[in-house]
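# Coordinate inspection notes
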Amino acid sequence: QEQHGAYSTGLVIPLNIDQSRYLGAVMRLSVGDEVAIFNGVDGEWRTRIHTLTKKACHLELVEHIRPQPDVSGPVLLIALVKRARLETIIEKATELGVAQIQLLITRRTNADHTNVSRLQVIAQEAAEQTERLDVPQVLAPIKLEKWLMDEADIPLIYGDEDSTHDGNSIPPMLVALRDITGPAAILIGPEGGFDETERRTLKALPHAVAVNLGPRILRADTAAISALTLYQAACGD
Ligand code: SAM
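Residues numbered from 1 in each chain as written. Predicted model: local features only at pLDDT ≥ 70, side-chain atom pairs only at ≥ 80, totals over all residues. Heavy atoms only, no water.

You'll find the chain entered in an unreviewed UniProt entry as Ribosomal RNA small subunit methyltransferase E, with Asticcacaulis endophyticus given as the organism. One UniProt comment on the chain, placed under Catalytic activity (unreviewed entry), says "uridine(1498) in 16S rRNA + S-adenosyl-L-methionine = N(3)-methyluridine(1498) in 16S rRNA + S-adenosyl-L-homocysteine + H(+)". Heading Subcellular location (unreviewed entry) of the UniProt record for the chain holds this comment: "Cytoplasm". (UniProt positions renumbered as here; feature names shortened; annotations may be inferred.)

Right, here's the structure in full:
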């Protein structure tokens, strides 16, 4: 009898109607087939389909496969950009191990309606595909200034295409991360970049570091992916 949190071997748990339909109608599984599951708390379990109808499914927990890792990835602060690009950012950031994604409104964001629940589904699907055992939370857009006030003590690294690249061999992102212990926040601006007031605010913050991500102007999705890739390379998360 293995017990991990609320889960233990032999326990039979219900799935919701979408999950049941996915296993039956989409994956065409049947009673007795095995399914690996995670709930973001109790790690990964091997289970067996106990009952399956068009609208319901129950799984029997067979074996605890992986413990729940402690979430140690960065927070991604992303200014709102066009929907398709934003969806790409959510998917790639999830694959690259972010702990949380905070959508931001900056002075140059075109804050057209953002469907946060759709973005959360994209994060969930990306977490399943990349076999993470936790799903990063996508937080509804708030103003950059508000986040800077509320989260004043989190180390902040922000992409700034105008910041100098001192030309030494180590990318500025890795240099910045050397001085940071614990998860940091990575901030990427909107298509139009940060405006002068925002740049001044960021520059004045004691715990904020501007990093250059290369000699060319990157789209916000490219900048987010390259910053997170460097973060993962440096921190191994
Ligand atoms: N300000 C430029 C403009 O108006 O075209 C570009 C903004 S860029 C499309 C969006 C964001 O990606 C920037 O705010 C910055 O955070 C990041 N970014 C783009 N290229 C970068 C680079 N070479 N180095 C660091 N950050 C970059």
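Attention now moves to the site of the ligand. Near the ligand, the surroundings consist of 18 residues, among which Gly159, Glu161, Leu213, Arg216 and Leu218 are the closest. At a separation of 3.3 Å, a nitrogen atom of the ligand approaches a polar backbone atom of Asp160. Here the ligand has 570 Å² of accessible area as a free molecule, and 86% of this is covered by the chains. When atom positions are compared with the pocket grids, the ligand is found to occupy the second largest pocket. (Near = heavy atom within 4 Å. Polar contact = N/O pair within 3.5 Å; in protein donor to acceptor, adjacent residues only side chain to side chain. Areas by Shrake-Rupley, 256 points an atom, 1.4 Å probe, with all protein chains shown as cover. 1 Å grid on protein atoms, 1.4 Å probe; cavity = no way out; pocket = protein on both sides within 12 Å on 5 of 7 lines; lining within 4 Å. Sits in = over half its atoms within 2 Å of the grid points.)

Applying the stated rule across the entire model yields two aromatic pairs. Here the aromatic rings of Tyr7 and Trp45 are separated by 5.9 Å at their centres, their planes lie at 80°, and the arrangement is edge-to-face. Note that Tyr7 is positioned in strand β2 (residues 7–8) and Trp45 in strand β5 (residues 44–52), a separation of 38 residues in sequence. The class for Tyr7 is buried, based on a relative accessible area of 13%. In this structure Trp45 comes out as buried when scored by relative accessible area, which is 0%. On the basis of an interplanar angle of 85° and a centroid distance of 6.3 Å, the ring pair of Tyr158 and Phe194 is categorised as edge-to-face. Of this pair, Tyr158 sits in strand β10 (residues 156–159) while Phe194 is found in the loop between β11 (185–188) and α6 (196–204), placing the two residues 36 residues apart along the sequence. Each member of the pair Tyr158 and Phe194 is classed as buried. (Phe/Tyr/Trp six-rings, centres within 6.5 Å; stacked < 30°, edge-to-face > 60°. Helix = DSSP H or I, 4+ residues; strand = E, 2+ residues; numbered from the N terminus. Buried < 20%, exposed > 50% of the residue type's maximum accessible area, 1.4 Å probe, protein only.)

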